[in-house]
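# Breakdown of the fold
Here's the letter readout for the chains.
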Amino acid sequence: MTSRKKYLRKTCAYCGIPISSPTNDHVFARSFFKGSVAPPTIPQVPACNECNNSKSSLELYLCTVFPFGSKISNAKEILNEWGARRLKNNQKLRKVLATGSKTTNKMSSESGLILPALESIPFDNNIFTKWLFYIVKGLSLHHFNITISNNDNIDIRMLRAIDDCCLTYDKAFQVGSSVQENLSEVFYYRGLSSESIILWEFKILGGLNFD
């Protein structure tokens, strides 16, 4: 059975419309792994055309912006190559980032000179949140065979390692049905399904920093 036939005319993982999927969708788009060692497998789910297209537009933005805050080993190389390519093809976003970015003076490790360096760029948190909704729904179906409907409550929280709530989540992951995956250095996640709650924790590109 081919991949397309396996996901044909299934319930969309994202909107829940029955018999609406013409094909599959990678929960984490393959474009996120450009310049990195691609994982042997990426979670896939059935998706309708509308959800697939909507999710792709979010991924296009995030694939361009994420590398600016990446902490993986070859982050600089990926930003210089793939970041430059994507910004060249998206002059509107390039202008937004250039206008809203902040710089600071830092000493260059190569020349020893004090030079302006990029400190931060503007980031559309609404796009990030919408994308996470797709990710949560896709992974819940892929790993736990649970479809999350639009009526279910999804709560997105940004956590720091020093927060007390992180310790609470660590304890929660020790019970129930859990899963843990590391997709190259790009995405790490763990999930828990217990009674009426599903819990997901993500680490993106080694741990992005958000203001």
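What comes next concerns the included structure. Every residue gets a number counted from 1 within its own chain, in the order that chain's sequence is written. Local features in a predicted model are, by the rule used here, given only for residues with pLDDT of at least 70; side-chain atom pairs are given and counted only at 80 or more, and totals for whole chains, interfaces and linings are based on all residues. Remark: hydrogens and water are excluded; side-chain values derive from all non-hydrogen atoms of the structure.

## With respect to the environment of Asn-24
Inspection of the secondary structure puts Asn-24 in strand β1 (residues 23-26). It is 7.7 Å that separates the C-alpha atoms of Asn-24 and Leu-8, two residues lying 16 residues apart in sequence. For Asn-24, the side chain forms a polar contact with the side chain of Gln-44, separated by 2.2 Å. Only DSSP runs of H or I covering at least 4 residues are called helices, and only runs of E covering at least 2 are called strands; the numbering of each starts at the N terminus. Two N or O atoms form a polar contact when they lie within 3.5 Å of each other; inside protein one atom must be a possible hydrogen donor and the other a possible acceptor, and for residues adjacent in sequence the pair counts only when both atoms belong to side chains.

## Points about the pattern of salt bridges
Whenever a carboxyl oxygen of Asp or Glu lies within 4 Å of a side-chain nitrogen of Lys or Arg, that contact is scored as a salt bridge. Scanning the entire structure with this criterion turns up four salt bridges. Linking Lys-55 and Asp-25 is a salt bridge whose minimum nitrogen-to-oxygen distance equals 2.9 Å. Placement of Lys-55 in helix α2 (residues 49-65) and of Asp-25 in strand β1 is noted, with a sequence separation of 30 residues between them. Classification of Asp-25 as buried rests on a relative accessible area of 7%. The partner of Glu-59 in a salt bridge is Lys-55, with the nearest N and O atoms 2.4 Å apart. Of this pair, Glu-59 and Lys-55 both sit in helix α2, four residues apart, which is roughly one turn of the helix. Whether a residue is buried, partly exposed or exposed follows from its accessible area with a 1.4 Å probe, protein chains only, as a fraction of its type maximum: under 20%, in between, or over 50%, in that order. For Lys-55, a relative accessible area of 0% corresponds to the buried category.

## Quick word on the packing of aromatic side chains
A pair of aromatic rings is counted whenever rings of Phe, Tyr or Trp (Trp by its six-membered ring) have centres within 6.5 Å, and the orientation is called stacked for planes under 30 degrees apart, edge-to-face for over 60 and tilted otherwise. Under the defined criterion, the tally for this structure stands at 18 aromatic pairs. Residues Tyr-61 and Phe-123 carry aromatic rings whose centres are separated by 6.2 Å and whose planes lie at 45 degrees to one another, so their mutual orientation is tilted. Taken as a pair, Tyr-61 in helix α2 and Phe-123 in the loop between β4 (114-120) and α5 (125-144) lie far apart in primary sequence, 62 residues in all. Look at Tyr-61 and you get buried, because its relative accessible area is 13%. Look at Phe-123 and you get partly exposed, because its relative accessible area is 25%. Consider the rings of Phe-66 and Trp-131, whose centres lie 5.9 Å apart with planes at 75 degrees: the pair is edge-to-face. Of the two residues, Phe-66 sits in the loop between α2 and α3 (75-88) while Trp-131 sits in helix α5, which places them 65 residues apart along the sequence. Overall, Phe-66 belongs to the buried group, its relative accessible area being 3%. Any Lys NZ or Arg CZ found within 6 Å of a ring centre and within 35 degrees of that ring's normal is scored as a charge over the ring. One residue, Arg-85, lies across the ring of Trp-82, its end atom 4.4 Å from the ring centre.

These values are about where atoms sit, not about what they do.
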